[in-house]
Amino acid sequence: MSGSPPVVIWEHEVERLLQYRELIPRLEEALGKFSKRDSAEVIQPVRSTVPLQKHDGFLGLMPTYMENDGVLSTKLVCFYNREAGSSLPGVQATVVLLDPEYGNVKAVIDGEVITAMRTAAVSAISAKLLMHPEAEVLAILGTGKQALSHYNVFTEIFPFKEVRVWGRTREGAERFVRSVGGAARACGSAEEAVRGADVIVTVTGSTKPVLFGQWVKPGAHVAAVGACRPDWREMDDVLMKEAVVYADSREGAIAESGDVVLSGAEVFAELGDVINGTKPALREKTTVFKSLGELMKTEPTSFIIPLHYGKSFSC
Ligand SMILES: NC(=O)c1ccc[n+]([C@@H]2O[C@H](COP(=O)([O-])OP(=O)(O)OC[C@H]3O[C@@H](n4cnc5c(N)ncnc54)[C@H](O)[C@@H]3O)[C@@H](O)[C@H]2O)c1
Ligand SMILES: O=C(O)[C@@H]1CCCCN1
């Protein structure tokens, strides 16, 4: 294997191979393993970030090693502040899979679909664990790629009666609603979308709060996906202080989430702690899951390879 050139697996192939019904249980297992902090299970340091000042962006390096599973990979992700508006993409990602023994690159895999689906799947896991079991109304703030993947997985696995979408422009929200076949309602303001919602997903490129605690129904669950820099926000202090805060990675949230850093909110638990049964899922409280994406790009990558080659492929 060490002498072979890397295989390149691109967007359409990843899209064909990844399914939420397979991704979700694998990510639950991986989140649980990570929270045990057993170095033979998962080593996933907080990502290294290189500022791309001239372009108002960042390069994030996200290595992971799962020794027991024999999987070594790193995601390379560039992300930008596009708040001022731009036709260029806000996030671009590639995943590189390496042989942990030889150190050679085995595969270069498009990271766009992995990022969209993994992030939405982890938010869906947070909702499975933390939302009210009879949740009926979903609100999505944002109308980009993550808004779409979140819409897809949340409506695939939960029986919401109503889905509301807010975007910076009314046209953007209406375009989004048309793109999903009209099964959601475009709202004229974030407040209108959020009032009375049981589950709220924030997937904006905003650097300032778009979600305010005074609008949020007590007991609602928020999956907060944007604002992945220590000085960027999507939520205000009222919400951050009232809610019980969960994260994918505690270290990641403390280092990278402006919502956590600037509000001084405490991270109560990781999703993996809840999965492992070491911390409770406080469903009756208002909960925020702060997603940084720190984790688990390796997991989807590791099963794309065998799927790509069929069962005969061995890592
Ligand atoms: N937590 C994670 O794992 C993870 C993974 C991928 C992306 N992200 C973050 O999620 C966010 C969305 O990513 P995406 O790939 O969907 O990006 P995108 O560029 O496709 O969409 C961004 C959306 O945010 C909106 N927006 C931008 N500035 C805004 C503002 N000030 N107020 C309200 N809306 C605003 C845009 O109109 C657009 O609808 C970004 O912040 C991105 O960095 C997080
Ligand atoms: O983990 C990721 O893929 C994202 C990209 C954008 C910024 C935050 N993290």
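The structure contained in this document is the topic of the report that follows. These figures come from a predicted structure and were not determined experimentally.

## Considering the sheet that holds strand β6 (residues 105-110)
Logical step 1: Read across the open sheet, the six strands follow the order β1-β6-β5-β4-β3-β2; overall the sheet is mixed. The sheet terminates laterally at β1 (7-9) and β2 (48-52), the two strands that pair on one side only. Each adjacent strand pair in this sheet contributes to an overall mean axis angle of 15 degrees, direction not counted.
Logical step 2: The pairing of β1 with β6 spans three bridges and is parallel.

## Considering the pairing of strand β4 (residues 71-80)
Consecutive residues of a regular strand have side chains that alternate between opposite faces of the sheet.
Logical step 1: Burial analysis of β4 places seven of its ten residues in the buried class, which makes it a mostly covered element.
Logical step 2: The pairing of strand β3 (residues 57-66) with β4 spans ten bridges and is antiparallel. Across the sheet, the residue bridging to Phe 58 is Phe 79, located in β4.
Logical step 3: The loop that links β3 with its antiparallel partner β4 comprises four residues; one of these, Gly 70, has a positive phi angle of about 65 degrees.

## Comments concerning the side chain of Glu 270
Logical step 1: When you line up the elements, Glu 270 lands in strand β13 (residues 267-270).
Logical step 2: A distance of 2.6 Å separates a polar atom in the side chain of Glu 270 from a polar atom in the side chain of Ser 35.
Logical step 3: Discounting residues that sit within four places of it in the chain, Glu 270 has contacts with Phe 34, Ser 35, Arg 37, Ala 247, Asp 248, Ser 249, Arg 250 and Glu 251.

## Re the packing of aromatic side chains
Logical step 1: On inspection of all chains with the given rule, the structure shows eight aromatic pairs.
Logical step 2: On the numbers, 5.6 Å between centres and 75 degrees between planes, the contact of Tyr 246 with Phe 268 is edge-to-face. With Tyr 246 in strand β12 (residues 244-247) and Phe 268 in strand β13, this residue pair connects regions lying 22 residues apart in the sequence.
Logical step 3: Judged by relative accessible area, which is 21%, Phe 268 ranks as partly exposed.
Logical step 4: By the ring-pair criterion, three or more aromatic residues cluster together here, those being Phe 58, Phe 79 and Trp 232.

## Overview of the site of ligand 1
Logical step 1: Near ligand 1 lie 23 residues; those nearest to it are Gln 146, Thr 204, Gly 205, Ser 291 and Gly 293.
Logical step 2: At 2.9 Å, a side-chain N or O of Ser 291 approaches a nitrogen atom of ligand 1.
Logical step 3: If ligand 1 stood free it would expose 850 Å²; the protein chains cover 83% of that surface.
Logical step 4: Mapped onto the shell around ligand 1, the elements with two or more residues apiece are α3 (112-130) and α4 (145-157).
Logical step 5: The dominant element in the shell around ligand 1, judged by the number of residues it contributes, is α3, at three residues.
Logical step 6: Class assignment of the residues belonging to the shell around ligand 1 gives a composition of eight nonpolar, eleven polar and four charged.

## Quick look at the environment of Ala 243
Logical step 1: Along the polypeptide, Ala 243 turns up in the loop between α7 (237-242) and β12.
Logical step 2: When its relative accessible area of 9% is taken as the criterion, Ala 243 is described as buried.

## Describing helix α5 (residues 170-179)
Logical step 1: Inspection of α5 places Gly 172, Ala 173, Phe 176 and Val 177 among the buried residues, and these make up the whole buried set. Projected down its long axis, α5 shows its buried positions confined to an angular sector of 135 degrees, all on one face. Pointing more than 90 degrees away from the buried face of α5 are the exposed residues Arg 175, Arg 178 and Ser 179.
Logical step 2: On its buried side, α5 packs onto α4, β8 (162-166) and β9 (185-186).
Logical step 3: Looking one or two residues past α5, Gly 181 carries a phi angle of roughly 80 degrees, positive in sign.

## Overview of the sheet that holds β13
Paired through backbone hydrogen bonds, the strands of a sheet run either parallel or antiparallel to each other.
Logical step 1: Reading across the sheet, the eight strands line up as β9-β8-β7-β10-β11-β14-β12-β13 and stay open at both edges, with parallel pairing between neighbours. A single partner strand is all that each edge strand has here, and the edge strands are β9 and β13.
Logical step 2: Bridge analysis of strand β7 (residues 137-141) against strand β10 (residues 199-202) gives four bridges, and the strand direction is parallel. Each bridged residue has a counterpart across the sheet, and for Leu 138 the counterpart in β10 is Val 199.
Logical step 3: With respect to the sheet, α3 is in contact with β11 (221-224), β12 and β14 (287-290), its orientation differing from that of β11 by roughly 165 degrees.

Criteria and cut-off values
- All residue numbers here refer to positions counted from 1 along the written sequence of the relevant chain.
- Note on labels: chains are lettered from A, ligands numbered from 1, in written order.
- This being a predicted model, a pLDDT of at least 70 is required before a residue's local features are given, and a value of 80 or more before pairs of side-chain atoms are given or counted; all residues contribute to the totals for chains, interfaces and linings.
- Note: side-chain values were computed over all heavy atoms of the structure, leaving out hydrogens and water.
- DSSP-based pairing: two strands are paired if at least 2 bridges between them are found.
- Strands are runs of DSSP state E lasting at least two residues, helices are runs of H or I lasting at least four, and both sets are numbered from the N terminus onward.
- Axis lines are fitted to C-alpha atoms, over the contacting stretch for helices. Their N-to-C directions set the angle, which ranges from 0 to 180 degrees.
- The buried label applies to any residue whose accessible area, calculated with a 1.4 Å probe on protein chains only, is under 20% of its type's maximum; exposed applies above 50%, and partly exposed to all values in between.
- Polar contacts here mean pairs of N or O atoms no more than 3.5 Å apart (in protein, one a potential hydrogen donor and the other a potential acceptor; neighbouring residues in sequence count only if both atoms are side-chain atoms).
- By definition, residues are in contact when any of their heavy atoms lie within 4.5 Å.
- Pairing of aromatic rings covers Phe, Tyr and Trp, the last through its six-membered ring, and needs centres within 6.5 Å; plane angles under 30 degrees mean stacked, over 60 mean edge-to-face, and all others mean tilted.
- Only a single heavy atom is needed: when it lies within 4 Å of a molecule or strand, its residue is near that molecule or strand.
- In this description, accessible areas are obtained by the Shrake-Rupley approach with a 1.4 Å probe, and a residue is regarded as covered only by the protein chains that are shown.
- Amino acid classes used here: Ala, Val, Leu, Ile, Met, Phe, Trp, Tyr, Cys and Pro are nonpolar; Asp, Glu, Lys and Arg are charged; the rest, including Gly, are polar.
- Think of the arc as the fan of directions from the helix axis to the C-beta atoms.

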